[in-house]
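Below are the chains, spelled out letter by letter.
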Amino acid sequence: GYRVSLQGNFFGRNDTYMTFPEYNPRKHIKLDPPMNIQSNATASKCQIWWSVWNVPWYLAEILQYELQYKEYSVSWEVALNKTVPSSLPQVEIEATELRSGTAYVARVRCKVSENENSYQSQWSEWSQTTVFQRADVPKVSEKILNTKTMQYLFIPLSFGILLYLFWSCKFSSRYCYFLTLGQKASPALTFPRQLLSFSHSIVCTMGILR
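Residues numbered from 1 in each chain as written. Predicted model: local features only at pLDDT ≥ 70, side-chain atom pairs only at ≥ 80, totals over all residues. Heavy atoms only, no water.

Student: Please clarify how the nonpolar core should be interpreted in this entry.
Tutor: In globular proteins that are soluble, nonpolar side chains generally tend to be buried together. Membership of the largest hydrophobic core comes to 24 residues, with the highest contact counts inside it found for Ile-48, Trp-50, Leu-59, Leu-67, Ile-93 and Phe-132. When residues of this core are traced back to their parent elements, those giving at least two are β5 (45-51), β6 (63-71), β8 (90-94) and β9 (103-112). Among the elements that take part in this core, β9 stands out by supplying 5 residues, more than any other. With sequence-adjacent residues up to four places away left out, Ile-48 is seen in contact with Ile-37, Gln-38, Ser-39, Leu-67, Pro-89, Gln-90, Val-91, Ile-93, Ala-106, Thr-130 and Phe-132. (Core = buried A, V, L, I, M, F, W, Y, C linked by side-chain atoms within 4.5 Å. Buried < 20%, exposed > 50% of the residue type's maximum accessible area, 1.4 Å probe, protein only. Helix = DSSP H or I, 4+ residues; strand = E, 2+ residues; numbered from the N terminus. Contact = heavy atoms within 4.5 Å.)

In structure tokens, the structure reads:
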């Protein structure tokens, strides 16, 4: 340990004041704040990472971090705190903790882990901030959705009309006349033409829907 004292000249006298009779620097550490904080937000989570500067390797392995984040427009007094579960300089925020379409700002601080007995420290100052926003889940275009719906409805409807025409022509007692030959013809002879014409219309319509 160390002994810390304060010497000074007061009213022409040199006096010594004992400030810390027994001082251990390992028990009074204050680290520099983390730096280079960055973020990457997706539709499922937000990843935040940073780095520490001027920290010995034996301390970097026993650090603990605290993340603080909030909506961009509100005060830090209402911010949420998140303890980082490991000594790695990174953390994830689940998308369920974030509001869609809202910008957030985050910062982080560090200190020696409270589970460490050899070293003790107080929290560092807060780092600079990073701004992020949860990405929205891609939505299917309404135009594509409507087209697909029309395709699914059009196919059974077309077959229904075909069946209706078939049975109507089969049981009808009426006759048709050829416009060019002026001869009688049964519905059975004219039905293939109607079926061919209707089938062509279906193919053309399906091509337009695609």
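Student: How should the sheet that holds strand β11 (residues 130-133) be read in this particular structure?
Tutor: Two pairing modes exist for strands in a sheet, parallel and antiparallel, and in both the strands are linked by backbone hydrogen bonds. Here 4 strands make up an open sheet; going across it, the order is β7-β6-β9-β11 and the pairing antiparallel. Across the chains shown, the open sheet's two edge strands, defined by having one partner strand only, are β7 (80-83) and β11. Direction aside, neighbouring strands of the sheet carry axes that sit 30° apart on average. Examined bridge by bridge, β6 and β9 share 9 bridges and lie antiparallel to one another. Each residue of the ladder has a partner; that of Tyr-69, found in β9, is Ala-106. (Pairing = 2+ DSSP bridges. Axes fitted to C-alpha atoms, helices over the stretch in contact; angles between N-to-C directions.)

Student: Help me understand the pattern of salt bridges in this model?
Tutor: Any two side chains of opposite charge can pair, on the condition that their charged atoms come close. Under the criterion given, the structure shown has 6 salt bridges. A salt bridge links Lys-111 to Glu-114, with the shortest nitrogen-to-oxygen separation between them at 2.8 Å. The exposure class assigned to Lys-111 is buried, which follows from its relative accessible area of 8%. (Salt bridge = Lys/Arg side-chain N within 4 Å of Asp/Glu carboxyl O.)

Student: Would you mind showing me how to read the pairing of β11 here?
Tutor: Consecutive side chains of a regular strand alternate in pointing toward one face of the sheet and then the other. Where burial is concerned, the two faces of β11 differ: the one with Thr-130 and Phe-132 is buried and the one with Val-131 and Gln-133 is not. With 4 bridges joining them, β9 and β11 adopt antiparallel strand pairing. The residue bridging Ala-103 from the neighbouring strand is Gln-133, located in β11.

Student: For this particular structure, what's the right way to read the sheet that holds β5?
Tutor: The antiparallel open sheet is built from 3 strands, whose spatial order is β4-β5-β8. Each of the sheet's edge strands pairs with one partner strand only, and the pair in question is β4 (35-41) and β8. Pairwise comparison of adjacent strand axes, ignoring direction, gives a mean angle of 15° for this sheet. When β5 meets β8, the two strands line up antiparallel, connected through 5 bridges. Residue pairing in the sheet places Trp-49 in a bridge with Gln-90 of β8.

Student: Mind showing me how you'd approach the side chain of Ser-121 here?
Tutor: Within the secondary structure, Ser-121 is located in strand β10 (residues 121-122). In terms of polar contacts, Ser-121 uses its side chain to reach the backbone amide nitrogen of Val-112, at 2.7 Å. If sequence neighbours within four positions are ignored, Ser-121 has contacts with Ile-29, Lys-111 and Val-112. (Polar contact = N/O pair within 3.5 Å; in protein donor to acceptor, adjacent residues only side chain to side chain.)

Student: Before we go on, may I ask you to explain the packing of aromatic side chains in this structure?
Tutor: Within the structure shown, the criterion is met by 5 aromatic pairs. Consider the rings of Trp-57 and Tyr-58, whose centres lie 5.8 Å apart with planes at 85°: the pair is edge-to-face. For Trp-57, a relative accessible area of 64% gives the class exposed. These aromatic residues form a ring-pair network of at least three members: Trp-57, Tyr-58 and Tyr-119. (Phe/Tyr/Trp six-rings, centres within 6.5 Å; stacked < 30°, edge-to-face > 60°.)

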